[in-house]
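Structural description and commentary
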There are 2 protein chains.
Amino acid sequence: MHIQSVNNPLIKDMTKLHQKKHRDATGLFLVEGYHLHEEATKVGNVVHVFTTDESIRGDNVVTVTPQVLAKLAQTKNPQPVITICRKIEGAAVGHRVLLLERVQDPGNLGTLMRSALAFGFDTIVLDNTCDIYNDKVLRSTQGAIFRLNVLHQSIATFMEEHSELTFYGTAMEGTPLDDIDPALRIGLILGNEGSGVSSEVLAKTTLNLTISMHHTESLNVAVAGSIIMHHLALK
Amino acid sequence: MHIQSVNNPLIKDMTKLHQKKHRDATGLFLVEGYHLHEEATKVGNVVHVFTTDESIRGDNVVTVTPQVLAKLAQTKNPQPVITICRKIEGAAVGHRVLLLERVQDPGNLGTLMRSALAFGFDTIVLDNTCDIYNDKVLRSTQGAIFRLNVLHQSIATFMEEHSELTFYGTAMEGTPLDDIDPALRIGLILGNEGSGVSSEVLAKTTLNLTISMHHTESLNVAVAGSIIMHHLALK
């Protein structure tokens, strides 16, 4: 298939996926670039591919003009391939779960997903975070989004439903990370960039962790979460 | 002092600090917001403060109109205080040095500086990185920039001049981080987001480190660097 007009109905529909409400309504999201196209293809959840690159072929590939590509893109100078994917959510929960409460920065959310995959966390629970299908999140994940189980749920409810997990919170004054001998099945909870994990959630955990630091510094939440996931990784 | 006109010569001069060449020529840089103003004030390297907030007082405080503030600002909705600071560079080198080769993303550079301070790294050597006085770097550092010794130098030259340090590189296939017993004085080298540390530099290190991961994943450079700095921190 070849599309030349920016007013083509399919192009107009797909451009709406820039908005969260249309992503929610359709269960679809849009990713840019060769790397994310390749990752999505491996997982097999590709619905359409729009490209000006004639070397990309397949049943669901639509060649388009540079004008159409520019309309679909969310960056100013996109790579010439835009992929429409179906969300994968709600698979089984494994031995390492990352729970995020009110994380607001797209870069932090994407970086945490990338680190989660690297350290064997298979499920992410999102409670009032920024939208995971936001284009900045997708760029930061480097494809991790295609291989993680994503749940949208309140952390309190998830904790009630998953008593088989040991839940660790993160707090300014908690048990030093280096003193922890990781439990068999873990849920790690990280909180908002400014205010951390809420006191309601911290009160329900088995224990709360702290990373030892010089001075009275703080760490970026994606950095802190990644250091803890590295320590808790299944060996 | 009070300035009402966006054409005031001082305002015009200070606005030029948005550009690297004027920061280089003057040794000054510009930071936005209450938090960075407070951090700069603690260190004592403040040259001018421009604000619409009359509760901020001092010899170097200039009250301005919202129009003047908007002209000085680099963000769309700035907090009402903009501080001009003098760069601090070239202090003594301590026991933990972070060396960055061609790190290009301002957020990564700022986050690495914040983590460096948290884990007792006192000096940062920058070799062909993005400009550290870029406003995105400054926002990510959360004030760390005022307390770190910053050197602009080639890593190869720094290594020759500092043989008292043990240099660790980072590589895809190196010694697992968890097997390292940290040396007394360390220089840790991180490289470009896409290509890592150059082979020329890796060939000169005492050893090269790897973080063990699941699958064949990679980590964001600020995350990887922070995990390693946490492991190497002076206890």
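Per-chain numbering applies: the sequence of each chain, read as written, is numbered from 1 onward. Labels are handed out in written order, letters beginning with A for the chains and numbers beginning with 1 for the ligands. Predicted model: local features are reported for residues with pLDDT of at least 70 only, side-chain atom pairs are reported and counted for 80 or more only, and whole-chain, interface and lining totals are derived from all residues. The side-chain figures draw on all heavy atoms in the structure; neither hydrogens nor water molecules are used.

So, the overall build of chain A
Under the DSSP-based scheme used, a helix requires at least four consecutive residues in state H or I and a strand at least two consecutive residues in state E, with every element numbered from the N terminus. Within chain A, the secondary structure is distributed over 9 helices and 11 strands. Dimensions along the principal axes, computed over C-alpha positions, put chain A at roughly 60 × 35 × 30 Å. The buried label goes to any residue with under 20% of its type's maximum accessible area, the exposed label to any with over 50%, and the partly exposed label to all in between, with areas taken from a 1.4 Å probe on protein chains only. Looking at the 235 residues of chain A, the share that counts as buried comes to 53%. Expressed as a percentage of contacts within chain A between residues at least 6 apart in sequence, the contacts between residues at least 24 apart total 76%. Whether two residues touch is decided by their heavy atoms; if any such pair falls within 4.5 Å, the residues are in contact.

Things to note about the interface of chain B and chain A
Across the contact, 26 residues belong to chain B and 26 residues belong to chain A. Buried area between chain B and chain A, both sides added, is near 2,200 Å², and the carbon and sulfur share of it is 57%. The buried area of a pairing is the accessible area, by a 1.4 Å probe, that goes missing from both parts when the two are put together, added over both. When the area that chain B buries against chain A is broken down by residue, the three leading residues are Arg114, His214 and His230 of chain B, summing to 24%. The salt bridge definition used is simple: a Lys or Arg side-chain nitrogen within 4 Å of an Asp or Glu carboxyl oxygen. Between chain B and chain A we count 0 salt bridges in total. Counting residues per element, the ones that place at least two in the side of chain B that touches chain A are helix 5 (106-118) and helix 9 (221-232) of chain B. Residues are sorted three ways: Asp, Glu, Lys and Arg are charged, Ala, Val, Leu, Ile, Met, Phe, Trp, Tyr, Cys and Pro are nonpolar, and all the rest, Gly among them, are polar. Grouping the constituent residues of the side of chain B that touches chain A by class yields 11 nonpolar, 10 polar and 5 charged.

A word on the side chain of Asp53 of chain A
All names here are of chain A. Checked against the element boundaries, Asp53 lands in the loop between strand 3 (46-51) and strand 4 (61-64). At a separation of 2.6 Å, a polar atom in the side chain of Asp53 contacts the side chain of Tyr34. Residues within four places of Asp53 in sequence aside, it is in contact with Tyr34 and Pro80. The definition of a polar contact used here is a pair of N or O atoms within 3.5 Å, where within protein one atom must be able to donate a hydrogen and the other to accept one, and adjacent residues in sequence count solely through side-chain atom pairs.

Considering the relation of the copies chain B and chain A
With an RMSD of 0.0 Å, the fit of chain B onto chain A corresponds to turning through 180° and sliding 0.0 Å along the axis. Such a combination of rotation and displacement between the chain copies is what one expects of a two-fold axis. When you check the interface residues of chain B against chain A, 100% turn up at the interface there too, and the contact is symmetric in its surfaces. C-alpha atoms of residues with pLDDT of at least 70 in both copies form the basis for the least-squares superposition of the copies.

Quick word on helix 5 (residues 106-118) of chain A
All names here are of chain A. For helix 5, with 13 residues, the first-to-last C-alpha span of 19 Å sits near the 18 Å given by 1.5 Å per residue. In terms of residue burial, helix 5 counts as a mostly covered element, since 12 of its 13 residues are buried. Burial in helix 5 covers these residues: Pro106, Asn108, Leu109, Gly110, Thr111, Leu112, Met113, Arg114, Ser115, Ala116, Leu117 and Ala118. You can read the cap of helix 5 off the contacts: a side-chain oxygen lies 3.0 Å from the backbone nitrogen of Gly107, and it is on Asp105. Take the number of residues in a helix, subtract one, and multiply by 1.5 Å to get its expected span.

Observations concerning the domain arrangement of chain A
All names here are of chain A. Residue ranges assigned to the domains are those given by an automatic or database domain assignment. What the domain assignment reports for chain A is domain 1 (2-86) and domain 2 (96-232). The straight-line distance from the C-alpha centre of domain 1 to that of domain 2 is 31 Å. Each side of the interface is counted separately: domain 1 has 14 residues, and domain 2 has 10 residues. Contact between domain 1 and domain 2 buries roughly 1,100 Å² in total, counting both sides, with carbon and sulfur atoms accounting for 66%. Linking domain 1 with domain 2 are 2 salt bridges, by the criterion used here. Salt-bridge contacts for Arg147 lead to Glu39; the nearest nitrogen and oxygen are separated by 3.3 Å. Between the two partners, domain 1 and domain 2, sit 2 residue pairs in polar contact (both at pLDDT 80 or more).

As for the sheet that holds strand 5 (residues 81-86) of chain B
Residues and elements named next belong to chain B. Two strands make a pair as long as DSSP finds a minimum of two bridges between them. Spatial strand order, 1-4-3-5-2: 5 strands in an open sheet with mixed pairing. Two strands bound the open sheet, and with one partner strand each, they are strand 1 (2-3) and strand 2 (28-32). Strand direction decides the pairing type here: strand 2 and strand 5, joined by 5 bridges, are antiparallel. Bridged to Glu32 within strand 5 is Ile82. Along the sheet face, helix 3 (residues 34-43) touches strand 2, strand 3 (46-51) and strand 5 and points at about 35° away from the line of strand 5. Angles run from 0 to 180 degrees between N-to-C directions of axes, and those axes are lines fitted to C-alpha atoms, restricted for helices to the stretch in contact.

Structural notes on the layout of surface pockets
Lining residues are defined by having an atom within 4 Å of a point belonging to a cavity or pocket. Those points lie on a 1 Å grid over the protein atoms alone, cavities being sets where a 1.4 Å probe fits but cannot get out and pockets being open sets with protein on both sides within 12 Å along at least five of seven lines. Grid points are joined across faces, edges and corners, and a volume is the space filled by probe spheres set on the points. If you add up the space inside the second largest pocket, you get close to 240 Å³. Sorting the residues of the lining of the second largest pocket by element identifies helix 9 (221-232) of chain A together with helix 9 of chain B as the ones contributing at least two each. Taken together, the residues of the lining of the second largest pocket break down into 3 nonpolar, 4 polar and 4 charged.

A look at the sheet that holds strand 6 (residues 96-101) of chain A
Residues and elements named next belong to chain A. Within the open sheet, the 6 strands sit side by side as 8-7-6-10-9-11. Their pairing is parallel. The outermost strands of the open sheet, each flanked by one partner alone, are strand 8 (149-152) and strand 11 (207-210). Neighbouring strand axes in the sheet, compared pairwise and without regard to direction, differ in orientation by 30° on average. Here 5 bridges tie strand 6 to strand 10 (residues 186-190), and the two strands are oriented parallel to one another. Note that in strand 10 the partner of Leu98 across the bridge is Leu188. Each of strand 6, strand 7 (123-127), strand 8 and strand 10 touches helix 5; the most contacted strand, strand 6, lies at about 170° to it. Strands in contact with helix 9 are strand 6, strand 9 (166-176), strand 10 and strand 11; relative to strand 10, the strand with the most contacts, it is inclined by about 165°.

Some remarks on unusual backbone geometry
Residue and element names in this part refer to chain A. Notably, Arg102 is not glycine yet its phi reads approximately 55°, a positive angle. Mapped onto the secondary structure, Arg102 falls in the loop between strand 6 and helix 5. Taking the relative accessible area as the measure of exposure, Arg102 reaches 26% and is therefore partly exposed.

Here's the deal with the pattern of salt bridges
Residue and element names in this part refer to chain A. One pass over the structure, following the stated rule, counts 18 salt bridges over all chains. A salt bridge links Asp131 to Arg23; the nearest nitrogen and oxygen atoms lie 2.4 Å apart. With Asp131 in the loop between strand 7 and helix 6 (135-141) and Arg23 in helix 2 (residues 20-26), this pair connects stretches of sequence that are 108 residues apart. Its relative accessible area of 5% is what places Arg23 among the buried residues.

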